[in-house]
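Take a look at the letters that make up each chain.
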Amino acid sequence: MSSRRSRSRHSGSSRITDDQINDLVSKLQQLLPEMHSRRSDKKSATKVLQETCNYIRSLHREVDDLSERLSELLENADTTQADLIRSLIMQ
């Protein structure tokens with residue numbers, strides 16, 4: 001444990017503990033598809049955080065791609081189809 005974390009832990013009760021950090025990293029690991037499937041492998045917090053960042057970036061790309069595809073679909077659909085698609089999205 002770093003001396004900075006050790007000092008800050010004693011300065012107030014609102015500080016996060018090592019156990020809380022470990023618990024949060026474990027929860028993140030469970031949310032990551034690739035790491036969740038290899039659950040028995042204990043990964044470092046650094047690796048979990050790197051994989052989390054990569055996964056979030058890939059989700060952003062996927063959302064952008066899907067948004068673009070939806071826009072193209074709505075542009076090429078007739079009014080009735082476009083209205084139906086919009087109503088389905090809003091549900």
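Reading the values: the criteria
Residues numbered from 1 in each chain as written. Predicted model: local features only at pLDDT ≥ 70, side-chain atom pairs only at ≥ 80, totals over all residues. Heavy atoms only, no water. Helix = DSSP H or I, 4+ residues; strand = E, 2+ residues; numbered from the N terminus. Contact = heavy atoms within 4.5 Å. Areas by Shrake-Rupley, 256 points an atom, 1.4 Å probe, with all protein chains shown as cover. UniProt positions renumbered as here; feature names shortened; annotations may be inferred. Buried < 20%, exposed > 50% of the residue type's maximum accessible area, 1.4 Å probe, protein only. Salt bridge = Lys/Arg side-chain N within 4 Å of Asp/Glu carboxyl O. Axes fitted to C-alpha atoms, helices over the stretch in contact; angles between N-to-C directions. Nonpolar A, V, L, I, M, F, W, Y, C, P; charged D, E, K, R; others polar.

If you check an unreviewed UniProt entry, the protein chain appears there as Proteasome subunit beta type-1 from Salvia divinorum.

(A) Examining the overall build of the protein chain more closely. Each helix and strand in the protein chain was counted, giving 5 helices and 0 strands. Sequence-ordered secondary structure for the protein chain, helices as α and strands as β, is α-α-α-α-α. Nonlocal contacts in the protein chain, meaning residues at least 24 apart in sequence, comprise 6% of its contacts between residues at least 6 apart. When the accessible surface of the protein chain is split by element, carbon and sulfur atoms take 51% of a total near 7,700 Å².

(B) Spotlight on the UniProt feature "coiled-coil region" (unreviewed entry) in the protein chain. Look at the UniProt record and you will see "coiled-coil region" (unreviewed entry) annotated at residues 56-83. Counted over residues 56-83, helix gives 93% and strand 0%. Its end C-alpha atoms are 31 Å apart.

(C) Up close: the environment of threonine 46. By secondary structure assignment, the location of threonine 46 is in helix 4 (residues 45-76). Threonine 46 sits in the exposed class, given a relative accessible area of 52%.

(D) Molecular detail of the pattern of salt bridges. For the coordinates displayed, the defined rule picks out 3 salt bridges. Residue aspartate 23 is joined to lysine 27 by a salt bridge in which the shortest nitrogen-to-oxygen separation is 3.3 Å. Residue aspartate 23 and its partner lysine 27 are located together in helix 2 (residues 18-31), separated by 4 residues, close to a single helical turn. Residue aspartate 23 is classed as partly exposed on the basis of its relative accessible area, which comes to 38%. On the accessibility criterion, lysine 27 (45% relative accessible area) is partly exposed. The residue aspartate 83 makes a salt bridge to arginine 86 at a minimum N-O spacing of 3.8 Å.

(E) Representation of the packing of helix 4 against helix 5 (residues 79-90) within the structure. Running from N to C, helix 4 and helix 5 cross one another at 145°; their axes reach a closest spacing of 8 Å. Residue-level inspection shows Leu70, Leu73 and Leu74 of helix 4 in contact with helix 5, the latter providing Ala82, Ile85, Arg86 and Ile89. Residues that form the contact of helix 4 with helix 5 fall into these classes: 6 nonpolar, no polar and 1 charged.

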